[in-house]
Every structure is written in structure tokens, then in C-alpha cells.
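Listed here are the chains, written in short residue letters.
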Amino acid sequence: MPELPEVEVVRAGLEPAVSGSTVAGVEVFDERSLRRHASGVADFTARLTGRTIRSAVRRGKFLWFPLDDQEAIVGHLGMSGQMLLRSPGDDADRLLRIRLQLEHPEHGELWLHFVDQRIFGSMAVTALVPTSDGAAGGFGDDVALVPDQVSHIARDPMDPAFDDAVFLRRLREKRTGVKRALLDQTLVSGIGNIYADESLWAARIHPEQETARLSRPRAARLLDEVRQVLAKALAEGGTSFDAQYVNVNGQAGYFAHSLNAYGRQGKPCARCGTFIVREQFMNRGSHRCPVCQRRT
């Protein structure tokens, strides 16, 4: 599933193309991609046609395009969703679900394709509501509004309005395994399986370490490592293991070459040389070094 770095790469790529654009046309090829737009295809089309997109904004793994009149297009990439920019008349992308025909004052006509193999992703038009803390809704906009479908999602560690003290307190109060806490998008957003494993390896913390027994200095170090891992992945364009994650131009990320834990089972730890192990975790895999990441 795309995590914060992958979604931010997509947001940054889309921003200059969609900001200031008018939605000239809407084509829905698969209604399942509107599962979060309960009013259906006709309403989705009517509410978008002729509207102007103000910017491209992200919080955690959620991406949205604010419209005039305090509404927004919310896009969730799910497991395999992609947002691709195309020139008018280009051949339709395989697994194309939704096409937005955009008119930009400088770039002219552009097509925004929502492509999704597994159809776990979606698009929807939804209301913008005030943020609970009065800060900007997400990265890419300074307006203190967030889509109502995203309002329950916590801020991510790269957000200027992220409150370290609140996070550290709530982390300790969770009374669960630390990796489960990192994946809880109501506590901290944007972190998925890959970057949780990488951050825990960097901080030398066992994925099942109880949050209540995690000292404040260790928790603070973990938060610092999370930020460093995310920043490095952003600089390298995100992580890509197959064709499912690509940026808006169809190019894959390459942070996979810099991974220290995730997907490296049976390979030596970069710190101590012990073989990385993969363990079952919440219907997925968890990767750690048995020596560097001992449970205390």
C-alpha cells in the first residue's frame, strides 16, 4: 500500500498540473471506484463538472483537491491506486477507472487518470470542515480545512502542526505493541508496514515492544527515526517493488534499494550481520534483526 512518501511524490507531481484547473469533463468507467461517494455516478459528475481545483493537499496517505465552495475531491490510493497525468487522446491506461478532463489556464487540456488494479482505492466529492486544532488541513495548502472523510486521520510526522508531546503521551497510553501503534492512523498517519519496519530497525526496537514500557527517550528516538526514514524515502522517490506504485508520469520509486529490514529476511543485518527474520504480524510480515531488536 502506498505510504506517506509515495503519496507525497504523487501530490507534488500533480500540484502544478491541477492547481487552477477547471474540470471540463468526468468519465467514470467503474462505479466501484466511487464507493466512498454514496450518491453515485450522476451526482459525482454533476458536482465536479465546471468546478475549479485550488491545489493538491495531503495528510498521511490521503490526498485531496480543494474545490471552490468548501468541497474537495478526495482520492485514496488503497492498495494499488495510481493517479496519472495524460495528454488528451493518449491511449487509455489499462485498468482505468475514472478520468477527469482538466482545462488549465497555462498548460491547456490535461487528463487525470485514476487507475486501480484491486479497486480498493476510490474518489469522492465531500465537504471540507474546520480542523480541530486550527492549523492547516494538510501539506500543500494553508487553509484550516480538511475533508470530512479525512478529519479522523491524525497528522503525520512531517506535518509542521504535528505535536510531538501529544504523540509521545498518547503512544504510551496505547498499551499495545509499538508497531501496531505506528500503524494506527488515528494516532499518527502516513506510516505503513514498510516504514514501520524500517523505523523500528533504525531505533533498535522490537515490533512487539509494549508501548507502556517504552521510555520517553526511546520513544522520542523512534519518532526521530520515523522522520529520517520518511525524509530519505521522499528524497529517493518512494518505494517500489512492482508496477503498482508509480508517480504521475509512470516512473517507479527506488527507495527499495535502501531498505535495511523490510523484505530482507535471510540477509545480514547492516549493523551486526545477523540474518534478518520475517515474522507473521496482522496478516502480513514483520521484519527485524533478532540481535539489534530484542524485546525488553
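Quick note: structure is the one above.
Residues numbered from 1 in each chain as written. Predicted model: local features only at pLDDT ≥ 70, side-chain atom pairs only at ≥ 80, totals over all residues. Heavy atoms only, no water.

Quick word on the nonpolar core
Judged by nonpolar contacts, the single largest core of 28 residues is most densely connected at Phe-167, Leu-171, Leu-182, Ile-191, Tyr-195, Ile-205 and Leu-222. For this core, the secondary structure elements donating two or more residues are helix H3 (164–173), helix H4 (178–182), helix H5 (193–203) and helix H6 (216–235). With seven residues, the single largest contributor to this core is H6. Counting 27 residues, the second-largest nonpolar core is a separate cluster that includes Val-10, Val-23, Phe-65 and Leu-85. (Core = buried A, V, L, I, M, F, W, Y, C linked by side-chain atoms within 4.5 Å. Buried < 20%, exposed > 50% of the residue type's maximum accessible area, 1.4 Å probe, protein only. Helix = DSSP H or I, 4+ residues; strand = E, 2+ residues; numbered from the N terminus.)

Remarks on the sheet that holds strand E8 (residues 122–130)
If you trace the five strands from one edge of the open sheet to the other, you get E2-E3-E4-E8-E9, paired in antiparallel fashion. Each edge of the open sheet carries a strand with a single partner, namely strand E2 (57–59) and strand E9 (145–147). Averaged over all neighbouring strand pairs, the angle between strand axes comes to 35 degrees, with direction disregarded. For strand E4 (residues 71–76) and E8, the ladder comprises six bridges, and the chain directions are antiparallel. (Pairing = 2+ DSSP bridges. Axes fitted to C-alpha atoms, helices over the stretch in contact; angles between N-to-C directions.)

Description of the sheet that holds strand E5 (residues 81–86)
Pairing is antiparallel across the open sheet formed by four strands, whose spatial order is E1-E6-E7-E5. Because the sheet does not close on itself, it has two edges, and the strands there are strand E1 (22–28) and E5. Strand after strand, the sheet turns through a mean of 20 degrees between neighbouring axes, direction not considered. Contacting E5, strand E6 (96–104) and strand E7 (108–116), helix H1 (residues 4–18) crosses the sheet at an angle of about 35 degrees to E5. Together, E1 and E6 form the strand contacts of helix H2 (residues 40–48), whose direction differs from that of E1 by roughly 165 degrees. (Contact = heavy atoms within 4.5 Å.)

Some details on the pattern of salt bridges
Counted according to the given criterion, the structure contains 22 salt bridges. Here Asp-156 and Arg-58 are joined by a salt bridge, their closest N and O atoms 2.8 Å apart. With Asp-156 in the loop between E9 and H3 and Arg-58 in strand E2, this pair connects stretches of sequence that are 98 residues apart. The exposure class of Asp-156 is buried, given its relative accessible area of 1%. Overall, the relative accessible area of 3% leaves Arg-58 in the buried class. (Salt bridge = Lys/Arg side-chain N within 4 Å of Asp/Glu carboxyl O.)

Considerations on the layout of surface pockets
When its volume is computed, the second largest pocket comes out at roughly 340 Å³. Looking at the second largest pocket, it is lined by 19 residues, and the ones nearest its centre are Arg-59, Ser-132, Asp-133, Ala-154 and Arg-155. The biggest single contributor to the lining of the second largest pocket is H3, with three residues. Its residues assigned to classes, the lining of the second largest pocket comprises nine nonpolar, five polar and five charged. (1 Å grid on protein atoms, 1.4 Å probe; cavity = no way out; pocket = protein on both sides within 12 Å on 5 of 7 lines; lining within 4 Å. Points joined across faces, edges and corners; volume = space filled by probe spheres on them. Nonpolar A, V, L, I, M, F, W, Y, C, P; charged D, E, K, R; others polar.)

Some details on the environment of Ala-261
Relative to the helices and strands, Ala-261 resides in the loop between H6 and strand E10 (277–281). For Ala-261, a relative accessible area of 0% corresponds to the buried category. Spatially, the C-alpha atoms of Ala-261 and Leu-222 are 15 Å apart, while their sequence positions differ by 39 residues.

Focus on the state of the cysteines
This structure, assessed with the given rule, holds zero disulfides. Cys-272 carries a free sulfur, and the closest cysteine sulfur to it, the one in Cys-289, is 3.5 Å from it. (Disulfide = S-S within 2.5 Å.)

Comments concerning H3
By the burial criterion, the buried members of H3 are Phe-167, Leu-168 and Leu-171. Around the axis of H3, the buried residues are gathered within 95 degrees of arc, so they sit on the same side. Structurally, H3 contributes buried residues whose contacts are with H4 and H6. For H3, the capping residue at the N-terminal end is Asp-163, with a side-chain oxygen 3.1 Å from the backbone nitrogen of Ala-165. Among the residues trailing H3, Arg-175 stands out with phi positive, at a value near 55 degrees. (Arc of directions from axis to C-beta. Polar contact = N/O pair within 3.5 Å; in protein donor to acceptor, adjacent residues only side chain to side chain.)

Remarks on the pairing of E5
Most of E5 is tucked away, with six of its six residues classed as buried. Here E5 shows no split at all, with Gly-81, Met-83 and Leu-85 on one side and Gln-82, Leu-84 and Arg-86 on the other all buried. Summarising the sheet, E5 and E7 pair through six bridges and their orientation is antiparallel. Bridge pairing links Leu-85 to Leu-112 in E7.

Some points on H6
With 20 residues, H6 extends 29 Å from end C-alpha to end C-alpha; this agrees with the ideal 28 Å at 1.5 Å per step. Along H6, the residues classified as buried are Ala-219, Leu-222, Leu-223, Glu-225, Val-226, Val-229, Leu-230 and Ala-233. Down the axis of H6, the buried set is contained in an arc of 165 degrees. They therefore lie on one face. Set apart from the buried face of H6 by more than 90 degrees, the exposed residues are Arg-216, Pro-217 and Ala-235. For H6, the secondary structure elements touched by its buried residues are H1, H3, H4 and H5. (Expected span 1.5 Å × (residues − 1).)

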